[in-house]
Amino acid sequence: MVLFIWPWRKSTSQSSSGGVERYETPCARKGTAMASDPPGDIGFMRRAMALAREEDRKPGANPIGCVIVLDGAIIGEGYNEVDICHDPTSHAEIVAMRRAGEKLQQSEFRGATLYSTLQPCGMCTMASIWAKIGRIVYGAERDQVHPMYFEDRHLDTMDFVRDAFRDDLSLSGGLLADECAALYVGPDEEVPKDEQFNR
C-alpha cells in the first residue's frame, strides 16, 4: 500500500535537476485505512461506496461513486451516469463536480477533497485539476480491477498530476481498496471485447 502525496518530496530539498522527487509512505496493509487518514476520510469513502452500490442496481448505472467535500460538508456527489444520460463525460467525478458547481455557483473548489471508489481516469483527473480540487482520495487501485475501466494502457492519474502546473494537489490511493475493488470486475476475469468499456 502506498500513499502518494503531491508534490512528492524525499526530503525538504529539491532534486539536483530542479524537479520535485517522489515521496512514498507505506501503510499498514493493502485494503485497509491508511495510517495517515485524516478524520472523516473513511466515512466519506463509505458514502461513495454506498452510492456506487445503490446506483449499480439502476439500469444504465455503473458502480462508481464519488463524493466532494469542502470544510467537512458534502458539496457534490454522484455515480457514473454515462449510459443513463448517453453522455460519455458523465463519470461519477464529473457528475459530482457539476452538482458541486450548481450548489456553490462556482467552478473552482479550492480546498475540497474528492473521494472516488476507483482511481480516476485521465478525464476526471484533468477535470479535478481544472476545478482546483485540493485533494483526491481513491479506493480501488488500477491494478485491482479489469483494464477496461481505463482509457489508456500506460498513463494513469499520477502522470496527469505530475505534469500539472499546479503544485498544491495531493493524491491518496488505496483507501478501503479491497472493499472498493469488490465493486468491479477483477483484473484477470474474462470479459468479451465487445462488452469492454474502452474498446
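Scroll up for the structure.
Given the structure is predicted, the values throughout are model-derived calculations rather than measurements. (Residues numbered from 1 in each chain as written. Predicted model: local features only at pLDDT ≥ 70, side-chain atom pairs only at ≥ 80, totals over all residues. Heavy atoms only, no water.)

Chemist: Report on helix α4 (residues 122-130), specifying residues and quantitative values.
Modeler: Think of an α-helix as 3.6 residues a turn; residues three or four steps apart then line up on the same face. Regarding α4, the residues found buried are Gly122, Cys124, Thr125, Ala127, Ser128 and Ile129. Residues of α4 that are buried sit in contact with α3 (92-104), β5 (113-118), β6 (135-140) and α5 (157-163). (Buried < 20%, exposed > 50% of the residue type's maximum accessible area, 1.4 Å probe, protein only. Helix = DSSP H or I, 4+ residues; strand = E, 2+ residues; numbered from the N terminus. Contact = heavy atoms within 4.5 Å.)

Chemist: Could you give an account of the sheet that holds strand β3 (residues 62-70), with specific residues and numbers?
Modeler: Pairing within the open sheet is mixed, and its five strands lie in the order β4-β3-β5-β6-β7. Two strands bound the open sheet, and with one partner strand each, they are β4 (73-80) and β7 (170-173). For this sheet, the mean angle separating the axes of adjacent strands, direction not counted, is 15 degrees. Alignment of β5 against β6, held across five bridges, turns out to be parallel. Looking across to β6, one finds that Thr113 is bridged to Arg135. Lying on the sheet, α3 is in contact with β3, β4 and β5; it crosses β4 at an angle near 145 degrees. (Pairing = 2+ DSSP bridges. Axes fitted to C-alpha atoms, helices over the stretch in contact; angles between N-to-C directions.)

Chemist: Lay out the packing of α3 against α4 with the relevant residues and their values.
Modeler: Between α3 and α4, the least distance of the axes is 9 Å, while the angle of their chain directions is 25 degrees. Comparing their axes, α4 and α3 come out roughly parallel. Touching Glu93, Ile94 and Met97 of α3 are Met123, Cys124, Ala127 and Ser128, all from α4. When its residues are assigned to classes, the contact of α3 with α4 shows five nonpolar, one polar and one charged. (Parallel < 35°, antiparallel > 145°, perpendicular 65-115°, else oblique. Nonpolar A, V, L, I, M, F, W, Y, C, P; charged D, E, K, R; others polar.)

Chemist: So what's going on with the environment of Arg98? Residues and values would help.
Modeler: Inspection of the secondary structure assignment puts Arg98 in helix α3. On the basis of relative accessible area, Arg98 is assigned to the partly exposed category, the value being 38%. Setting aside chain neighbours within four positions, we find Arg98 in contact with Asp87, Thr89 and Ser90.

Chemist: Outline the packing of aromatic side chains, supporting the account with residue identities and numerical values.
Modeler: Applying the stated criterion across every chain yields a total of one aromatic pair. Seen from their ring centres, Phe44 and Tyr115 are 5.5 Å apart, and the 35 degrees between their planes marks the pair as tilted. A residue pair is termed long-range when its members are at least 10 positions apart, and Phe44 in helix α1 (residues 41-56) and Tyr115 in strand β5 qualify at 71 residues. The class for Tyr115 is buried, based on a relative accessible area of 3%. (Phe/Tyr/Trp six-rings, centres within 6.5 Å; stacked < 30°, edge-to-face > 60°.)

Chemist: Account for the pairing of β3, with residues named and values stated.
Modeler: Buried residues dominate β3, accounting for nine of its nine residues. By the alternation rule, side chains of β3 split into Asn62, Ile64, Cys66, Ile68 and Leu70 and Pro63, Gly65, Val67 and Val69, which are all buried. By the bridge criterion, seven bridges tie β3 to β4 in an arrangement that is antiparallel. Pairing of Gly65 across the sheet is with Tyr79, part of β4. Remark: two residues form the turn of the hairpin made by β3 and β4, two consecutive strands paired antiparallel; Asp71 in that turn has positive phi of roughly 55 degrees. As defined by bridge partners, β3 adjoins β5 across four bridges and the pair is classed as antiparallel. Opposite Cys66, over in β5, you have Ser116 as the bridge partner.

Chemist: Explain the pattern of salt bridges to me, and be specific about the residues and the numbers.
Modeler: By the definition in use, this model includes eight salt bridges. In this structure, Arg135 engages Asp41 in a salt bridge whose closest nitrogen and oxygen atoms are separated by 2.5 Å. Placement of the pair is Arg135 in strand β6 and Asp41 in helix α1, with a sequence separation of 94 residues. The partner of Asp168 in a salt bridge is Arg166, and the shortest N-O contact between them spans 2.8 Å. (Salt bridge = Lys/Arg side-chain N within 4 Å of Asp/Glu carboxyl O.)

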